[in-house]
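Residue-level listing of the chains:
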Amino acid sequence: MLQVSHLTRTFTSGTEEVQAVNDMDFSVERGEFVSIIGKSGSGKSTLLSMLGALDKPTGGTIKVDGEDIASMSDAKLIRYRCHKIGFVFQSYNLIPNLTAIENVMLPMEFAGRDKEAREKRATELLEQVGIEPDQMERKPGKLSGGQQQRVSIARALANKPSVILADEPTGNLDEQTGKMVFDLLHTLAKQEKTTIIVVTHDLDIAGKTDRTFRLNDGKIREVKK
Ligand SMILES: Nc1ncnc2c1ncn2[C@@H]1O[C@H](COP(=O)(O)OP(=O)(O)OP(=O)(O)O)[C@@H](O)[C@H]1O
Ligand SMILES: [Mg+2]
């Protein structure tokens, strides 16, 4: 479902050029749970941003269900980000002045769904990730880190994306909470056939995914298990 070929992203600052992503080739099947490891500065976040159409490649193609996102019009890209991609960040990125349930309803509002349908699906998703009814009405500041991350996973799932991109989703959580969030992503990949690509520094976590890629200076290599 995801085919990346000759993908390149070059940053120029002053006279210096950084090949953050350098001629990468790989593909991922539907429902696969994939981890990406690599040291700081190896290009992990740059790659994820391009897969999620938050940044444009300087070369190569990213085909999602056969369509190259690098050559999509802006209007199409907005639809792609809204319907096909769910993002989960290390720092949760919930909107502070909206309650948990309002945060989960928001992407569905962008997708044009009516209020009743939004409320129903947001409640179901929050139940699925283990958020209690009284917690659903709280703003993120009144939830723990693990609870906020579970809300952000529910938000990422709101529009039934085909891919979830997670950049160090357990980076700010203690070991036990991190494991819970990871298990949740794993279950989703298998039950809903959502493709999940997770960046992690935790080799234990990486070892439990279907496949692992290691990035090194903008190059990608699959780690054989
Ligand atoms: N906007 C930018 N302008 C210039 N250089 C950039 C930009 N964004 C990233 N880079 C450079 O590209 C390289 C890859 O950065 P990236 O953020 O993808 O690394 P990373 O693997 O996510 O690292 P970390 O584990 O620290 O999050 C780094 O050398 C970084 O300095
Ligand atoms: Mg990063």
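For clarity, every value in this text was computed on a predicted model and none was experimentally measured.

Participant: Which residues make up the site of ligand 1, and what are the values?
Facilitator: All residues in the neighbourhood of ligand 1 are listed as Phe11, Ser13, Val18, Ala20, Gly38, Ser40, Gly41, Ser42, Gly43, Lys44, Ser45 and Thr46. Per-element tally for the shell around ligand 1: the top contributor is helix H1 (residues 44-51), with 3 residues. In terms of residue class, the shell around ligand 1 is made up of 3 nonpolar, 8 polar and 1 charged.

Participant: Talk me through the sheet that holds strand S2 (residues 16-28); I want residue IDs and the actual numbers.
Facilitator: If you walk across this open sheet you meet the 4 strands as S2-S1-S4-S5, and the pairing is antiparallel. Strand pairing shows two members of the sheet lacking a second neighbour, S2 and strand S5 (67-68), which therefore form its edges. As paired strands, strand S4 (residues 59-64) and S5 are joined by 2 bridges and run antiparallel to one another. The residue of S5 that forms the bridge with Val64 is Glu67.

Participant: Please set out the nonpolar core residue by residue, giving values where relevant.
Facilitator: Grouped together as the largest cluster of nonpolar side chains are 61 residues, with contacts concentrated most on Val104, Leu126, Leu165, Leu185, Ile196 and Ile197. What Ile197 contacts, discounting residues up to four positions off in sequence, is Val28, Val34, Ile36, Leu51, Val163 and Leu165.

Participant: Before we move on, can you summarise H1 with the specific residues and values?
Facilitator: Think of an α-helix as turning once every 3.6 residues; residues three or four places apart then point the same way. Of all 8 residues in H1, 6 are buried; the element is thus mostly enclosed. Taken as a whole, H1 has its buried residues at Lys44, Thr46, Leu47, Leu48, Met50 and Leu51. Ala53 occupies a position one or two residues after H1 and carries a positive phi of about 60°.

Participant: How would you explain the packing of helix H3 (residues 100-110) against helix H6 (residues 145-157) if you had to name every residue and give the values?
Facilitator: The geometry of H3 relative to H6 is characterised by a closest axis approach of 7 Å and an angle of 25° between their N-to-C directions. Accordingly, the angle class assigned to the pair H3 and H6 is roughly parallel. Pair H3 / H6 crosses with right-handed handedness. For the pair H3 and H6, the contacting residues are Ala100, Asn103, Val104 and Pro107 in the first and Val151, Ala154 and Arg155 in the second. Looking at side-chain class alone, the contact of H3 with H6 contains 5 nonpolar, 1 polar and 1 charged residues.

Cut-off values and rules
- Residues numbered from 1 in each chain as written.
- Chains lettered and ligands numbered in written order.
- Predicted model: local features only at pLDDT ≥ 70, side-chain atom pairs only at ≥ 80, totals over all residues.
- Near = placed C-beta within 6 Å.
- Helix = DSSP H or I, 4+ residues; strand = E, 2+ residues; numbered from the N terminus.
- Nonpolar A, V, L, I, M, F, W, Y, C, P; charged D, E, K, R; others polar.
- Pairing = 2+ DSSP bridges.
- Core = buried A, V, L, I, M, F, W, Y, C linked by C-beta atoms within 7 Å.
- Buried ≥ 20, exposed ≤ 12 C-beta atoms within 10 Å, placed from the backbone.
- Contact = placed C-beta atoms within 7 Å.
- Axes fitted to C-alpha atoms, helices over the stretch in contact; angles between N-to-C directions.
- Parallel < 35°, antiparallel > 145°, perpendicular 65-115°, else oblique.
- Left-handed = near helix turned anticlockwise from the far one by under 90°.

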